[in-house]
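Examination of the molecular architecture
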Amino acid sequence: MYFICRCFIFKSEYSQAISFSCRYIILENKNHLTVVKSNKVIEASYLLSLSEQRVLLACIAQIDSMSELTEQYQFEVSASEIVDLVGLDNFSNAYRDLKKAAEKLYDRSVTIDDPDPENPKIAQRKTRWISSIDYIPREGKLVLSFASGIIPYISKLSKEFTKYKLKHVARFESIYSIRLYELLVQWSSTGEREIEVEWLKNQFQVSNKYSRLGDLKRRVIEPAIAEINEHSNLWVKYGQRKSGRTVTHFQFLFGVKDQPKQRKKLTDEEINRLAKPGETSGSRYFCESLFWASQPKQAAKT
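Residues numbered from 1 in each chain as written. Predicted model: local features only at pLDDT ≥ 70, side-chain atom pairs only at ≥ 80, totals over all residues. Heavy atoms only, no water.

Looking at the pairing of strand E12 (residues 246–256)
Across 5 bridges, strand E10 (residues 192–196) lies against E12 in antiparallel orientation. Bridge assignment links Arg 193 to a residue of E12, and that residue is Phe 252. Pairing analysis gives 10 bridges linking strand E11 (residues 234–243) to E12, with the strands arranged antiparallel. Its bridge partner being in E12, Val 236 is matched across the sheet by Phe 254. As consecutive antiparallel partners, E11 and E12 are separated by 2 residues, and within that stretch Gly 244 has a phi angle of approximately 70°, a positive value. (Pairing = 2+ DSSP bridges. Helix = DSSP H or I, 4+ residues; strand = E, 2+ residues; numbered from the N terminus.)

A word on the packing of helix H2 (residues 50–60) against helix H5 (residues 175–185)
Each pair of packed helices can be summarised by the angle the axes make with each other and by the distance between the axes. Between H2 and H5, the shortest axis-to-axis distance is 8 Å and the interhelical angle comes to 45°. The angle between the axes of H2 and H5 places the two elements in the oblique class. Here Leu 50, Gln 53 and Leu 57 of H2 come into contact with H5, specifically with Ile 175, Ile 178, Arg 179 and Glu 182. Residues belonging to the contact of H2 with H5 are distributed by class as follows: 4 nonpolar, 1 polar and 2 charged. (Axes fitted to C-alpha atoms, helices over the stretch in contact; angles between N-to-C directions. Parallel < 35°, antiparallel > 145°, perpendicular 65-115°, else oblique. Contact = heavy atoms within 4.5 Å. Nonpolar A, V, L, I, M, F, W, Y, C, P; charged D, E, K, R; others polar.)

Notes on the confidence of the model for the protein chain
Per-residue confidence for the protein chain gives a mean pLDDT of 81, with 73% of residues at or over 70. Scored below 50 in pLDDT, residues 10–28 makes 28 contacts in the model with residues more than four places away or belonging to other chains. Confidence drops under pLDDT 50 across residues 281–293; counting only partners more than four residues distant or on other chains, this segment forms 17 contacts. (pLDDT = per-residue confidence, 0-100.)

Structural notes on the packing of aromatic side chains
Taken as a whole and judged by the stated rule, the model has 8 aromatic pairs. A ring pair is formed by Tyr 46 and Trp 129, whose centres lie 5.1 Å apart and whose planes are at 80°; its orientation type is edge-to-face. With a gap of 83 residues between them, Tyr 46 in the loop between helix H1 (39–42) and H2 and Trp 129 in the loop between strand E6 (124–128) and strand E7 (130–136) connect regions that are remote in the sequence. Each member of the pair, Tyr 46 together with Trp 129, is buried. Here Phe 250 and Phe 252 contribute two aromatic rings whose centre-to-centre distance is 6.3 Å and whose plane-to-plane angle is 55°, an arrangement assigned as tilted. Like Phe 252, Phe 250 is buried. Over the ring of Tyr 135 we find Lys 99, and its NZ or CZ is 5.2 Å from the ring centre. In this structure, Arg 128 packs its charged tip against the face of Tyr 106, placed 5.2 Å from the ring centre. (Phe/Tyr/Trp six-rings, centres within 6.5 Å; stacked < 30°, edge-to-face > 60°. Buried < 20%, exposed > 50% of the residue type's maximum accessible area, 1.4 Å probe, protein only. Lys NZ or Arg CZ within 6 Å of the ring centre and 35° of its normal.)

Brief notes about the packing of H2 against helix H4 (residues 94–107)
At a minimum axis distance of 9 Å, the contact between H2 and H4 shows a crossing angle of 85°. The orientation of H2 with respect to H4, classified from their angle, is roughly perpendicular. Contact residues: H2 offers Ser 51, Glu 52, Val 55 and Leu 56, while H4 offers Leu 98, Ala 101, Lys 104 and Leu 105. Among the residues making up the contact of H2 with H4, the classes are represented as 5 nonpolar, 1 polar and 2 charged.

Concerning the nonpolar core
Ranked by size, the top nonpolar core spans 66 residues in total, and within it Trp 129, Phe 146, Ile 150 and Phe 252 carry the most contacts. No other element matches the 7 residues that H5 contributes to this core. Once residues lying within four places of it in the same chain are set aside, the contact partners of Ile 150 are Val 41, Val 110, Ile 112, Thr 127, Arg 128 and Trp 129. (Core = buried A, V, L, I, M, F, W, Y, C linked by side-chain atoms within 4.5 Å.)

Laid out in structure tokens, this is it:
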């Protein structure tokens, strides 16, 4: 399930809400919606359901990460465009599921390690994700505000952040797929990342759930990798590193999948060279087709 956000700001001296135009880019430009988070949040410890993660991401994707955000900003979350965004077949319980996800999200918290570089004495910070929820049941909408503690990690970001297109995680069904995808995208410049097993279990909050490595791989790592390979823009492979006889680290190798090759626009000189004697530039379509038919096919990666 996915939700769409509209962002508002309310000023205390006015009763009328001022609406921002970011709401109107959802349907027309949904492929360009970008999630931006501080690396501190990417590596934070928390556990959210799939619906809760989607509520957050749909709102975060509407934030201008370079601008300042305050608790006065509110995000209108609607279930009415779920089908368009992720292609769900059943829309009948959309508002009920949205409300349930938001109510659980209200009680959720996130633990951020070393939260303030300017104050190294602080080892951890625990904060809520959202501070308030307003209900509009007749319109199938909720209005959410981010908690003040999380705002510095999702807005006014100039360094040490991770960003990705919302569409690349829209079809994930495992609650761990988004988390693992973010940890990989964070290291996209290297194409590989080694993650300590115990650290990952703690950050995903599954230490007490999957004590056996085989269960962790079968229930968390492998389903997440399968979904990333199927639905996102990345391909991923993984291995493991041992210390003695104990597996201590997962090793991930990943990269961006092959993109469709852009069609080259031929120059008039190239068209004339391909055209038969006596033909004019009206043969452009034929010549371009001939040009592309002559290009060697690129072998697919296995």
